[in-house]
Amino acid sequence: MKNFLILIALIIIGTLNLLAQIQNTEDMYEPVQYYPLSFNINFLTGLPKGDFEESYDKIGFGIGLNLFYNIEDTPLYVGTKLGWMLFNYDDYQTPLSVEFPNDYVDITTDYQMYVIDFAVKIMPDWGPIRPYMEFIAGTHNLSTTTTAESVNYNSSYNDIASSTDVSDWTFNYGVGGGLAFNVFRGKVEGNKARFWELLVDLNAEYLLGGEAEYALSKTDMGNEFQLETAKSKTDMLSIKMGMTFRF
């Protein structure tokens, strides 16, 4: 956590210095305007920290979607960040019943996290490399779901049943930062030049999560399942890489 905060501090200092340089550079040119909306899709990893890591040492992999609105003539962006991660899954086949030993059922248990956050981002409008920082708050859900699918002779699957074993929502808040690299910018002529652009985005964020209950494992005991659970705070370090389209 200490090293992460030092990194964020360096990003803040770099951002402020770059903003000053940008202002001096833009004063030399006629005014320009960017489209205010930016959409980001990213691949992400989630690393449990603190008590969460002690009881649950899995790493989550998933996908995220971000939508931000730039407040005109400022480096401020406001928006929402959505994410989904899969931490683990169990998958095995078992006979449907003693009466039908040749008919199999595929049992899959998924250990997932859903994240819904709101964020304020500070990022310069211009430049090939743009450091930024974020202030984040929201909620996340830890969910374990088991699905049973019948397996017929041509290897196709049909859902039989699905159940949620554990599902718990809790709050989160924290800080983040990253670097955006401009890879393409298009210009629309008019009374005031308007730009759209494509950026590669590298991001890291540390979120302090509230206490939640989550599943550690689910074991088939023959006639019933045994579910092992834990309850702790859910701090998380998330690392992301994606593309941002500003339009």
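Quantities reported herein were computed from a predicted structural model and do not represent experimental measurements.

Glancing now at the overall build of the protein. Along the protein, the regular secondary structure elements total two helices and eleven strands. When the elements of the protein are put in sequence order from the N terminus, they spell out α-β-β-α-β-β-β-β-β-β-β-β-β. A fraction of 68% describes how many contacts in the protein between residues 6 or more apart in sequence connect residues 24 or more apart. Carbon and sulfur atoms form 60% of the exposed surface of the protein, whose accessible area is close to 13,700 Å².

With that out of the way, let us pick up the nonpolar core. Burial of nonpolar side chains together is a common tendency in soluble globular proteins. In this structure, Phe 52, Tyr 56, Met 85, Phe 87, Met 113, Leu 142 and Tyr 214 are the most contacted members of the largest nonpolar core, which totals 16 residues. Those elements that place two or more of their residues in this core are strand S4 (76-95), strand S5 (104-122) and strand S9 (211-220). The element that contributes the greatest number of residues to this core is S9, accounting for four residues. Here Tyr 56 is in contact with Pro 48, Phe 87, Asn 88, Tyr 111, Tyr 214, Ala 215 and Leu 216, once residues within four sequence places are set aside. With nine residues, the next largest nonpolar core counts Phe 68, Tyr 77, Ala 180 and Leu 207 among its residues.

Another point: the pattern of salt bridges. In the structure shown here, the tally under the stated rule is seven salt bridges. A salt bridge links Glu 197 to Arg 130, with the nearest nitrogen and oxygen atoms 2.8 Å apart. With a gap of 67 residues between them, Glu 197 in strand S8 (residues 193-209) and Arg 130 in strand S6 (residues 129-151) connect regions that are remote in the sequence. A residue is classified by how much of its surface remains accessible, and Arg 130, at 1% relative accessible area, is buried. For Arg 246, the salt bridge is made with Glu 197, and the minimal N-O distance between the two is 3.3 Å. Taken as a pair, Arg 246 in strand S11 (residues 236-246) and Glu 197 in strand S8 lie far apart in primary sequence, 49 residues in all. Among the residues examined, Glu 197 registers a relative accessible area of 0% and is labelled buried. Each of Lys 81, Glu 134, Glu 205 and Lys 240 takes part in one network of salt bridges that share partners.

In this approach the atoms are scanned with a rolling probe the size of a water molecule, which exposes any empty space left behind. Under the defined criterion, the tally for this structure stands at four cavities of 30 Å³ or more. Of the volumes computed, that of the largest cavity is approximately 140 Å³. Those elements giving two or more residues to the lining of the largest cavity turn out to be S4, S5, S8 and S11. Each residue belonging to the lining of the largest cavity can be placed in one class, and the counts come to seven nonpolar, three polar and four charged. For the second largest cavity, the calculated volume is near 110 Å³. Around the second largest cavity, the lining comprises 14 residues; the ones closest to its centre are Asn 40, Asn 66, Tyr 132, Asp 201 and Thr 244. Where the lining of the second largest cavity is concerned, the elements lending two or more residues are strand S2 (37-48), strand S3 (60-70), S6, S8 and S11.

Attention shifts here to the packing of aromatic side chains. With the rule as written, the count across this model stands at eight aromatic pairs. Three or more aromatic residues joined by ring pairs make a cluster, and in this case those are Phe 52, Tyr 56, Phe 87 and Tyr 214. Sitting over the face of the ring of Phe 68, Lys 121 holds its NZ or CZ atom 4.4 Å from the ring centroid. In this arrangement the basic side chain of Arg 194 is found over the ring face of Tyr 35, its NZ or CZ atom lying 4.7 Å from the centre.

The rules behind these values
- Residues numbered from 1 in each chain as written.
- Predicted model: local features only at pLDDT ≥ 70, side-chain atom pairs only at ≥ 80, totals over all residues.
- Heavy atoms only, no water.
- Helix = DSSP H or I, 4+ residues; strand = E, 2+ residues; numbered from the N terminus.
- Contact = heavy atoms within 4.5 Å.
- Areas by Shrake-Rupley, 256 points an atom, 1.4 Å probe, with all protein chains shown as cover.
- Core = buried A, V, L, I, M, F, W, Y, C linked by side-chain atoms within 4.5 Å.
- Buried < 20%, exposed > 50% of the residue type's maximum accessible area, 1.4 Å probe, protein only.
- Salt bridge = Lys/Arg side-chain N within 4 Å of Asp/Glu carboxyl O.
- 1 Å grid on protein atoms, 1.4 Å probe; cavity = no way out; pocket = protein on both sides within 12 Å on 5 of 7 lines; lining within 4 Å.
- Points joined across faces, edges and corners; volume = space filled by probe spheres on them.
- Nonpolar A, V, L, I, M, F, W, Y, C, P; charged D, E, K, R; others polar.
- Phe/Tyr/Trp six-rings, centres within 6.5 Å; stacked < 30°, edge-to-face > 60°.
- Lys NZ or Arg CZ within 6 Å of the ring centre and 35° of its normal.

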